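The primary structure of each chain is shown beneath.
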Amino acid sequence: MEAKKVSDHIWSLKSWIGITVHVWVVTDDEGITLVDAGMPLMATKIMKFVKQLDAGPLNRILLTHGHIDHVGALNKIIQERKISVYAHHIEIPFMEGDRLYPRRKKFEKNVKKGIVQPLETDEQGRLISVSSLTPYFTPGHSPGHVVYYHAEDQVLLAGDLFTSRKGKLHKPMALFTGNMKEAVKSSTIVEELKPKQLEVCHGNTVYKPAEQLEAYIRKMTKKA
C-alpha cells in the first residue's frame, strides 16, 4: 500500500486490487478520521499506517457509500478498535442487504446490521459537519452517496462521484453506477464548493476540478 500526503491534514492510502483503490486518513486536533475502508486486504495496512502516523487515535470512519471496495476492511478495523462508523441514512439499508442497489441482481450484505450509524442532519435536513469534514449528499453512483469537504485544506474527498485519469475528471464506473444521470447532476457540488483539489477512490488527484466541470457535464449530457 502506498501512502501519500495530499494536503496539510489529509493522507491518501492507495492499493492496487485489480483497480486502484484509495482511502483517506484525515488528522485534526483530536486524532484521526478514516474516510472509506477499502477492500478487506487493506485493513492491516490501514491500521499500521494510523499507528505509524502517531497523530492520535482513530476516532471514527466516514463512508462515502456502501459498495464493497469502500467498506471491505470495516469489520476487521472495528474489531481492533471500537469506533463509530457513519454513512448517509439512505445508503444504510442498501449496504446492509435490506434493499437492492439499483441495476444489481443480488442484494449486497456488505456490512453487518447495527455497525453503521446515519450522519446527523440539522433542522433543515442538511448534513452536519463531522470534525473537520462536511458531508454533502451526492446521489447517483449509489442512492446515498456522499462526498466530504475539508474546508481548511480545500480538498474534496469525492469517493465514486467521479473517476480520474491523468488529472482529468471522468465518469464513475458505469457498471456499478445506479443512475448516471443523477450522478452527473450531483457533480455540480464541485462548482458550488470550488475545491483546490479533488480526490477519488479510483484514480489520482484532480487540481482545480471546477475548471473542468462544464466540459465534463457537456460531454456526459451528449452521451445520455
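Residues numbered from 1 in each chain as written. Predicted model: local features only at pLDDT ≥ 70, side-chain atom pairs only at ≥ 80, totals over all residues. Heavy atoms only, no water.

Student: Any details on the overall build of the protein? Residues and values, ideally.
Tutor: For the protein, the count of helices and strands is 7 helices and 14 strands. Radius of gyration (C-alpha) of the protein: 16 Å, near the 17 Å computed for a compact globule of 224 residues. Across its three principal axes, the protein shows a C-alpha extent of roughly 50 × 45 × 40 Å. Considering only contacts within the protein whose residues lie at least 6 apart along the sequence, 60% involve residues at least 24 apart. (Helix = DSSP H or I, 4+ residues; strand = E, 2+ residues; numbered from the N terminus. Rg over C-alpha atoms; globule rule 2.2 N^0.38 Å. Contact = heavy atoms within 4.5 Å.)

Student: So what about the packing of aromatic side chains? Which residues, and what values?
Tutor: In the structure shown here, the tally under the stated rule is 3 aromatic pairs. Relative to Tyr216, the ring of Phe162 has its centre 5.1 Å away and its plane inclined at 65°; by these criteria the two rings are edge-to-face. Of this pair, Phe162 sits in the loop between strand 10 (155-157) and strand 11 (163-165) while Tyr216 is found in helix 7 (residues 210-223), placing the two residues 54 residues apart along the sequence. Neither residue differs from the other here; Phe162 and Tyr216 are each classed as buried. (Phe/Tyr/Trp six-rings, centres within 6.5 Å; stacked < 30°, edge-to-face > 60°. Buried < 20%, exposed > 50% of the residue type's maximum accessible area, 1.4 Å probe, protein only.)

Student: Please set out the sheet that holds strand 7 (residues 116-118) residue by residue, giving values where relevant.
Tutor: As summarised here, the arrangement of the 7 strands in space is 1-2-3-4-5-6-7, forming an open sheet in which the pairing is mixed. Two strands lie at the open edges of the sheet, namely strand 1 (2-5) and strand 7, each paired on one side alone. Across the sheet, the mean angle separating the axes of adjacent strands is 30° when strand polarity is ignored. By the bridge criterion, 5 bridges tie strand 3 (residues 19-28) to strand 4 (residues 31-35) in an arrangement that is antiparallel. Note on strand 4: the bridge partner recorded for Asp28 is Gly31. Most of the contacts of helix 1 (residues 43-53) go to strand 3, to which it runs at about 30°, and overall it touches strand 1, strand 2 (10-17), strand 3, strand 4 and strand 5 (58-62). (Pairing = 2+ DSSP bridges. Axes fitted to C-alpha atoms, helices over the stretch in contact; angles between N-to-C directions.)

Student: Any details on the side chain of Glu96? Residues and values, ideally.
Tutor: As for its position among the elements, Glu96 is in the loop between helix 4 (92-95) and strand 7. Of the side chains bearing the opposite charge, Lys113 lies closest to the buried Glu96, which forms no salt bridge; the N-O distance is 5.5 Å. Of the polar contacts made by the side chain of Glu96, one reaches the backbone nitrogen of Gly114; its length is 3.3 Å. Dropping the residues within four chain positions of it, Glu96 is found in contact with Glu108, Lys109, Val111, Lys112, Lys113 and Gly114. (Lys, Arg positive; Asp, Glu negative; His and termini not counted. Salt bridge = Lys/Arg side-chain N within 4 Å of Asp/Glu carboxyl O. Polar contact = N/O pair within 3.5 Å; in protein donor to acceptor, adjacent residues only side chain to side chain.)

Student: Account for the side chain of Thr205, with residues named and values stated.
Tutor: Tracing the backbone through its elements, the reader meets Thr205 in the loop between strand 13 (197-199) and strand 14 (206-207). In this view, Thr205 contacts Gly167, Gln197, Leu198 and Glu199; residues no more than four positions away in its chain are not counted.

Student: Tell me about the pairing of strand 1, residues and numbers included.
Tutor: Along any regular strand the residues' side chains alternate between the sheet's two faces. For strand 1 and strand 2, the ladder comprises 4 bridges, and the chain directions are antiparallel. Counterpart to Lys4 in the pairing with strand 2 is Ser12. Following strand 1, the chain reverses through 4 residues before pairing antiparallel with strand 2.

Student: Tell me what's going on with a negative patch on the surface, and back it up with residues and numbers.
Tutor: Together, Asp8, Asp29, Glu30 and Glu152 line one region of the surface with negative charge. Given the relative accessible area of 61%, Asp8 is considered exposed. (Patch = residues over 30% accessible without salt bridge, like charges linked within 9 Å, V, L, I, M, F, W, Y side chains within 5 Å. Areas by Shrake-Rupley, 256 points an atom, 1.4 Å probe, with all protein chains shown as cover. Charge placed at Lys NZ, Arg CZ, Asp CG, Glu CD.)

Student: So what's going on with the environment of Arg81? Which residues, and what values?
Tutor: Its place among the elements puts Arg81 in the loop between helix 3 (74-80) and strand 6 (84-87). Between the C-alpha atoms of Arg81 and Glu120, which are 39 residues apart in sequence, the distance is 22 Å. Once residues lying within four places of it in the same chain are set aside, the contact partners of Arg81 are Pro57, Leu58 and Asn59.

Student: Describe in detail the environment of Asp98, supporting the description with residues and values.
Tutor: One can find Asp98 in the loop between helix 4 and strand 7. Residue Asp98 is classed as partly exposed on the basis of its relative accessible area, which comes to 43%. Each C-alpha atom, one on Asp98 and one on Lys5, is 37 Å from the other, the two residues being 93 residues apart in sequence. Setting aside anything within four residues of it in sequence, one finds Asp98 in contact with Pro93, Phe107 and Lys113.

Student: Tell me what's going on with unusual backbone geometry, and back it up with residues and numbers.
Tutor: One non-glycine residue with positive phi stands out, namely Asp36, at about 70°. Along the chain, the position of Asp36 falls in the loop between strand 4 and helix 1. Overall, Asp36 belongs to the buried group, its relative accessible area being 0%. Here Gln154, not a glycine, exhibits a phi torsion of approximately 55°, which is positive. For Gln154, the position within the fold is in the loop between strand 9 (146-150) and strand 10. Exposure remark for Gln154: the relative accessible area of 36% places this residue in the partly exposed category.

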